[in-house]
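The residues making up each chain are set out below.
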Amino acid sequence: MLAKDRLIVALDVPGATQALPIVHSIGEAATTFKVGKQLFTAEGPQLVRDLIASGRKVFLDLKYHDIPNTVAAAVKSASELRVTMLTVHASGGSKMLRAAVEAASQSPHPPLVLAVTVLTSLSDVDLQEIGVSGNVLTQVLRLGALARSAGCGGLVASAKEARELRRELGEGFAIVTPGVRPAGTAAGDQARVVTPTDAIAAGATHLVVGRPILEATDPAKAAAAIVAEIERAAAAD
Ligand code: C5P
């Protein structure tokens with residue numbers, strides 16, 4: 001995999017007015033952009049179509065979680081947009097996950113179905129509150145294994161979880177890791193951050209990076225520096 005294809009720029013902005021200048025200023029330095037709930041709710045699928053028509057790849061991060069039929073239909077619609085990756089909640093259960101994977105596989109342009117295990121905003125106490133008895137890591141590993149056996153192509157996981165998931169589940173699936181900060185950049189509201197080098201060493205295949213690129217004086221330069229770091233880390237791995 002090319003180092004450039006391993007960087008995903010999170011377009012965490014309110015609308016196309018903010019997103020498109022960033023995409024243009026990044027130019028050739030990155031190819032994949034994450035469109036999440038905020039931007040998608042504001043702009044709808046046309047922005048996704050426009051990004052893809054301009055040669056970019058889109059990671060559609062809408063974290064589907066519903067009955068299998070509804071999730072399959074949403075995945076079909078996302079596949080028709082030709083997104084490269086999309087997310088579903090592993091806690092939707094194996095029937096929902098299999099329905100998502102099957103809907104993706106029926107597309108002429110199958111997107112990678114990534115499962116979200118436990119949101120990093122949740123603590124062990126939060127899990128108890130919703131009736132989950134295990135701790136966060138146990139639940140991450142449990143849902144990760146469930147998503148793998150349902151045929152999902154990968155998982156979204158913090159660097160710490162990535163290491164454990166690789167140890168438990170082995171190779172052959174994508175791990176997409178947020179919470180990445182190149183050395184010397186601000187952590188923002190991320191409680192635990194890792195460098196691109198550490199994330200790759202932990203087993204991440206893709207890194208999601210938002211503010212260190214979006215808020216850089218030169219977003220193209222910031223993206224290129226991360227791609228170069230990924231390349232070095234992958235060579236050393
Ligand atoms: O700006 P920053 O690099 O922190 O953005 C990280 C991106 O990854 C955001 O879109 C955020 O919602 C997402 N994310 C995260 N932590 C998770 C899952 C997703 O930061 N556990």
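Values in this document were obtained by computation on a predicted structure and should not be read as measured data.

### Notes on the site of the ligand
Moving on, step 1. If you check the shell around the ligand, you find A10, D12, K34, T120, P178, R181, Q190, V208, V209, G210, R211 and P212 and nothing else.
Moving on, step 2. Within the contact set of the ligand, a nitrogen atom lies 2.6 Å away from a side-chain nitrogen or oxygen of T120.
Moving on, step 3. Interatomic distance of 2.8 Å between a backbone N/O atom of G210 and an oxygen atom of the ligand.
Moving on, step 4. In isolation the ligand offers 460 Å² of accessible surface; the protein chains occlude 78% of this area.

### Notes on the environment of R148
Moving on, step 1. Position of R148 among the secondary structure elements: in helix α7 (residues 136–149).
Moving on, step 2. Taking the relative accessible area as the measure of exposure, R148 reaches 29% and is therefore partly exposed.
Moving on, step 3. Spatially, the C-alpha atoms of R148 and R166 are 12 Å apart, while their sequence positions differ by 18 residues.

### Considerations on the sheet that holds strand β3 (residues 57–64)
Moving on, step 1. Around the barrel, which closes on itself, the eight strands sit in the order β1-β2-β3-β4-β5-β6-β7-β8 with parallel pairing between neighbours. The mean inter-strand angle of the sheet, taken between neighbouring strand axes irrespective of direction, is 25 degrees.
Moving on, step 2. Here β3 pairs with strand β4 (residues 85–89) via three bridges, running parallel. Paired with F59 across the strands is M85, a residue of β4.
Moving on, step 3. Lying over the sheet, helix α5 (residues 94–105) contacts β3, β4 and β5 (112–116), oriented at roughly 165 degrees with respect to β4.
Moving on, step 4. Packed onto the sheet, helix α11 (residues 219–236) meets β1 (7–10) and β8 (206–209) and runs at close to 150 degrees relative to β1.

Each value, and the rule that gives it
- Residues numbered from 1 in each chain as written.
- Predicted model: local features only at pLDDT ≥ 70, side-chain atom pairs only at ≥ 80, totals over all residues.
- Heavy atoms only, no water.
- Near = heavy atom within 4 Å.
- Polar contact = N/O pair within 3.5 Å; in protein donor to acceptor, adjacent residues only side chain to side chain.
- Areas by Shrake-Rupley, 256 points an atom, 1.4 Å probe, with all protein chains shown as cover.
- Helix = DSSP H or I, 4+ residues; strand = E, 2+ residues; numbered from the N terminus.
- Buried < 20%, exposed > 50% of the residue type's maximum accessible area, 1.4 Å probe, protein only.
- Pairing = 2+ DSSP bridges.
- Axes fitted to C-alpha atoms, helices over the stretch in contact; angles between N-to-C directions.
- Contact = heavy atoms within 4.5 Å.

These figures come from the coordinates and say nothing about function on their own.
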